[in-house]
Amino acid sequence: MILTSRVFAALKFMNRANFPSSTVNIRINVNQIKSNRNQSIHARHSSFPQNAFYHLAARRTDILLLTPATAGVEQRRRSASNSTGNSSGTSSVLDKIPSSAAELVALTPHTIQPYLKLIRADKPAGTWLLFWPCAWSIALAAQPGSLPDAKMMLLFGAGAFLMRGAGCIINDMWDRDFDRKVERTRERPLASGAIGFAPAMVWLAGQLGLSLLILVQLNWFSIILGASSMGLVVTYPLFKRVTYFPQVILGLVFNWGALLGYAAVRGYVDPFTVIPLYIAGLCWTMVYDTIYAHQDKVDDALIGVKSTALKFGDRTPTILWELSTTMLFALGCSGYMAGLSWPFFAGLGGVGVHLAWQTFAVNLNDPADCYKKFKSNHYLGLLVFLSIVGGTFLAVDETMGDRKETQQTLKANLLRL
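Because the structure is a prediction, the values reported are computed rather than measured.

(A) The arrangement of unusual backbone geometry in detail. Notably, Arg 120 is not glycine yet its phi reads approximately 60 degrees, a positive angle. Relative to the elements of secondary structure, Arg 120 occurs in the loop between helix H7 (113-118) and helix H8 (125-140).

In structure tokens, the structure reads:
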């Protein structure tokens, strides 16, 4: 009788508490599970992505696993639903709009997602880093008082997306065995088996075919110059097996647009203007990709992959600052020889501040911070572009003429040597 009375008392309490009859969601952060993996067998063997959430239905036995990207969409949808009570159809539609490339890829059909991830469509930072040297060069080739050629900017933007995707496929084809042994890359589509080698080859052919269609829109000099970069694009992944400086090769590839953009606008390459720009881009790539390589330095050392992160070691901040200084000097030389006005040189001050910040503030032993600093270089590239645009727009013909005379003098002196 005592037990029965206690049961009835509990039921009355629950009724007064007015518990909702709908499904109760219990949210568990997987990061907390991972931090206690030494105390929990379940956590040790779980392979769920970071920041994912379990939604365990109290009245149902199904479990819904959300990726970080779709979890973000779901969180915004729920918060908006709670604040408005689902009264506005327009707001509910807006809440479903993805706020990042990763969320956009996560909303695509599952059969398409591996192909989008293979070309890193969910991580557009690399596309921007490939595009900015092209944009610098196009802006540098503009006439005084003019803005960059909009058509060329669009063509090179599309080309950067396609060629970056093609480069990622080529890289993953070479490195799929290595990628399986590195924690950060083991889930890549080729390494995980989500895509076979043959479909990847077809996908690569499509990327290269579309890139060729863009290239043939340019003048013949640019077509030949652009096609000549393919040797480095295909062989770059091999260099990390034989040298500690694969970032140098990557810099040569990623900054080819510094040569190509100017040639596409002018029909030729001005060596006194473009070569310093190319050198600046090369140093810049070595800076951000060395920071990027520090994410994997432990795994790379174990499996035999070489990088400047391993070569520089504790001297990395010092060497990065030396490379950053060289980049600033080369940019200054390029702008001076092009006759750019004061906004360009003012902008270089901001570029120097950003380089100093990322060089000395980065925690090279924290992969998350390394990736954060790596992605910030997108804004540095944008700053350089805006500086060149401002310097070209306010440039005067007299200054341009003086720089041409300086170039002629330099050419004459070089010929004498």
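(B) Just the environment of Leu 331, in detail. Its location among the elements puts Leu 331 in helix H19 (residues 316-338). According to the relative accessible area criterion, Leu 331 is buried, its value standing at 1%.

(C) Molecular detail of H19. Here H19 contains 23 residues, and its C-alpha end-to-end distance of 33 Å stays within 8% of the 33 Å for a straight helix at 1.5 Å per residue. Of the residues flanking the end of H19, it is Gly 339, one or two places downstream, whose phi is positive at about 75 degrees.

(D) Molecular detail of the nonpolar core. Trp 136, Phe 156, Trp 284, Met 327, Leu 331, Phe 385 and Ile 388 are the most contacted members of the largest nonpolar core, which totals 66 residues. The leading source of residues in this core is H8, at 11 residues. Setting aside its immediate chain neighbours within four residues, Trp 284 contacts Leu 129, Trp 132, Pro 133, Trp 136, Met 327, Asn 377, Leu 380 and Gly 381. If you look at the next biggest cluster of nonpolar residues, it comprises 15 residues, including Ile 119, Leu 204, Val 233 and Val 253.

(E) Fine view of the packing of aromatic side chains. For the structure on display, the rule yields 16 aromatic pairs. When the centroid spacing of 6.2 Å and the interplanar angle of 90 degrees are considered together, the rings of Tyr 115 and Trp 203 count as edge-to-face. Here Tyr 115 is found in helix H7, whereas its partner Trp 203 is found in helix H11 (residues 197-215), with 88 residues between them in sequence. On the accessibility criterion, Tyr 115 (28% relative accessible area) is partly exposed. Every member of this aromatic cluster is reached through a ring pair, and the members are Trp 136, Trp 284, Tyr 288, Tyr 292, Tyr 371 and Phe 374. Cation over ring: Lys 306 sits above Tyr 244, and NZ or CZ is 5.6 Å from the ring centre.

(F) Spotlight on a nonpolar patch on the surface. Together, Leu 147, Trp 342, Phe 393 and Leu 394 make up a nonpolar patch on the protein surface, roughly 460 Å² of accessible area in all. For Leu 394, the location among the structural elements is in the loop between helix H21 (367-393) and helix H22 (397-416).

(G) Spotlight on the packing of helix H9 (residues 150-179) against H11. It is the contact of H9 with H11, at a shortest axis distance of 9 Å, that shows an interaxial angle of 155 degrees. Judged on the interaxial angle alone, H11 and H9 are roughly antiparallel. The two elements H9 and H11 meet at a crossing, and its hand is left-handed. Together, Leu 155, Ala 158, Gly 159, Phe 161, Leu 162, Met 163, Gly 165, Ala 166, Ile 169, Ile 170, Met 173 and Arg 176 of H9 and Phe 197, Ala 200, Met 201, Trp 203, Leu 204, Gln 207, Leu 208, Leu 210, Ser 211 and Ile 214 of H11 make up the contact between the two elements. Looking at the contact of H9 with H11 residue by residue, the class counts come to 17 nonpolar, 4 polar and 1 charged.

(H) A look at the environment of Val 351. By the element assignment, Val 351 lies in helix H20 (residues 342-361). What makes Val 351 buried here is its relative accessible area of 0%. Sequence separation of Val 351 and Ser 324 is 27 residues, and the distance between their C-alpha atoms is 9.5 Å. Residues within four places of Val 351 in sequence aside, it is in contact with Leu 328, Leu 380, Leu 383 and Val 384.

(I) Examining the pattern of salt bridges more closely. Within the structure shown, the criterion is met by 8 salt bridges. For the salt bridge of Asp 296 with Arg 184, the shortest nitrogen-to-oxygen distance reads 2.4 Å. Taken together, the residues span a long stretch of sequence, with Asp 296 in the loop between helix H16 (271-293) and helix H17 (297-303) and Arg 184 in the loop between H9 and helix H10 (189-192) at a distance of 112 residues. Linking Lys 373 and Asp 369 is a salt bridge whose minimum nitrogen-to-oxygen distance equals 2.7 Å. In this pair, Lys 373 and Asp 369 both sit in helix H21, 4 residues apart, roughly one turn of the helix. Classification of Lys 373 as buried rests on a relative accessible area of 5%. Taken together, the shared-partner salt bridges in this structure form one network comprising Arg 120, Asp 172, Asp 179 and Arg 188.

(J) Main features of helix H15 (residues 257-266). Among the 10 residues of H15, 8 are classified as buried, and the element is accordingly described as predominantly covered. All of the buried residues in H15 are Gly 257, Ala 258, Leu 259, Leu 260, Gly 261, Tyr 262, Ala 263 and Ala 264. On its buried face, H15 sits against H8, H9, helix H12 (220-227) and H16. Phi turns positive one or two residues past the end of H15, at Gly 267, with a value near 90 degrees.

(K) Representation of the side chain of Asn 171 within the structure. As for its position among the elements, Asn 171 is in helix H9. Here the side chain of Asn 171 touches Asp 172 through a polar contact of 3.4 Å, side chain to side chain. Residues within four places of Asn 171 in sequence aside, it is in contact with Arg 120, Arg 188, Tyr 236, Pro 237 and Lys 240.

Conventions we followed
Residues numbered from 1 in each chain as written. Predicted model: local features only at pLDDT ≥ 70, side-chain atom pairs only at ≥ 80, totals over all residues. Heavy atoms only, no water. Helix = DSSP H or I, 4+ residues; strand = E, 2+ residues; numbered from the N terminus. Buried < 20%, exposed > 50% of the residue type's maximum accessible area, 1.4 Å probe, protein only. Expected span 1.5 Å × (residues − 1). Core = buried A, V, L, I, M, F, W, Y, C linked by side-chain atoms within 4.5 Å. Contact = heavy atoms within 4.5 Å. Phe/Tyr/Trp six-rings, centres within 6.5 Å; stacked < 30°, edge-to-face > 60°. Lys NZ or Arg CZ within 6 Å of the ring centre and 35° of its normal. Patch = residues over 30% accessible without salt bridge, like charges linked within 9 Å, V, L, I, M, F, W, Y side chains within 5 Å. Areas by Shrake-Rupley, 256 points an atom, 1.4 Å probe, with all protein chains shown as cover. Salt bridge = Lys/Arg side-chain N within 4 Å of Asp/Glu carboxyl O. Axes fitted to C-alpha atoms, helices over the stretch in contact; angles between N-to-C directions. Parallel < 35°, antiparallel > 145°, perpendicular 65-115°, else oblique. Left-handed = near helix turned anticlockwise from the far one by under 90°. Nonpolar A, V, L, I, M, F, W, Y, C, P; charged D, E, K, R; others polar. Polar contact = N/O pair within 3.5 Å; in protein donor to acceptor, adjacent residues only side chain to side chain.

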